Amino acid sequence: MKYVYGPVPSRRLGRSLGIDPIPSKTCNYQCIYCQLGRTINFTNERKNYYPKEEIIAEVREAIKQHENNLEKKK
Ligand code: SF4
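Residues numbered from 1 in each chain as written. Predicted model: local features only at pLDDT ≥ 70, side-chain atom pairs only at ≥ 80, totals over all residues.

### Considering the overall build of the protein
Within the protein, the secondary structure is distributed over one helix and four strands. Along the chain direction, N to C, the helices and strands of the protein fall in the order β-β-β-β-α. Taking 11 Å as the expected radius of gyration for a compact globule of 74 residues, we find that the protein reaches 15 Å, considerably beyond that expectation. Projected onto the principal axes, the alpha-carbon positions of the protein cover approximately 40 × 30 × 20 Å. (Helix = DSSP H or I, 4+ residues; strand = E, 2+ residues; numbered from the N terminus. Rg over C-alpha atoms; globule rule 2.2 N^0.38 Å.)

### Describing the pairing of strand S1 (residues 4–10)
With five bridges connecting them, S1 and strand S2 (residues 14–19) associate as antiparallel partners. Opposite Val4, over in S2, you have Ile19 as the bridge partner. (Pairing = 2+ DSSP bridges.)

### Concerning helix H1 (residues 52–66)
Here H1 contains 15 residues, and its C-alpha end-to-end distance of 21 Å stays within 8% of the 21 Å for a straight helix at 1.5 Å per residue. The buried fraction of H1 is low, at one of 15 residues. (Expected span 1.5 Å × (residues − 1). Buried ≥ 20, exposed ≤ 12 C-beta atoms within 10 Å, placed from the backbone.)

### Let's talk about unusual backbone geometry
In this structure, the amide linkage connecting Gly6 to the following residue, Pro7, adopts the cis form with an omega of 10 degrees. Relative to the assigned elements, Pro7 resides in strand S1. Positive phi, close to 55 degrees, is recorded for Lys25, a residue that is not glycine. Residue classification places Lys25 among the partly exposed residues on the basis of 14 C-beta atoms within 10 Å.

### A closer look at the site of the ligand
In the vicinity of the ligand, the residues found are Cys27, Tyr29, Gln30, Cys31, Cys34, Leu36 and Thr39. Grouping the constituent residues of the shell around the ligand by class yields five nonpolar, two polar and no charged. (Near = placed C-beta within 6 Å. Nonpolar A, V, L, I, M, F, W, Y, C, P; charged D, E, K, R; others polar.)

Given below as structure tokens:
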């Protein structure tokens, strides 16, 4: 998968899928404690980095793959 990762543990939701709709280390900050390392693409520009249809299709596929593995909030 290109945009979706997980399921990952979530204190709030139990388990959840993560969605990464921007390229790695594209950010408008350069926090020294960033777990991802130095910002490569330092920008304030707001734009669609990837086609939303691709992201949505991948989310649907991930939900289908993990539907028995994701907890429903009670
Ligand atoms: S922690 Fe990393 S990803 Fe988060 S705002 Fe700072 S530099 Fe950006």
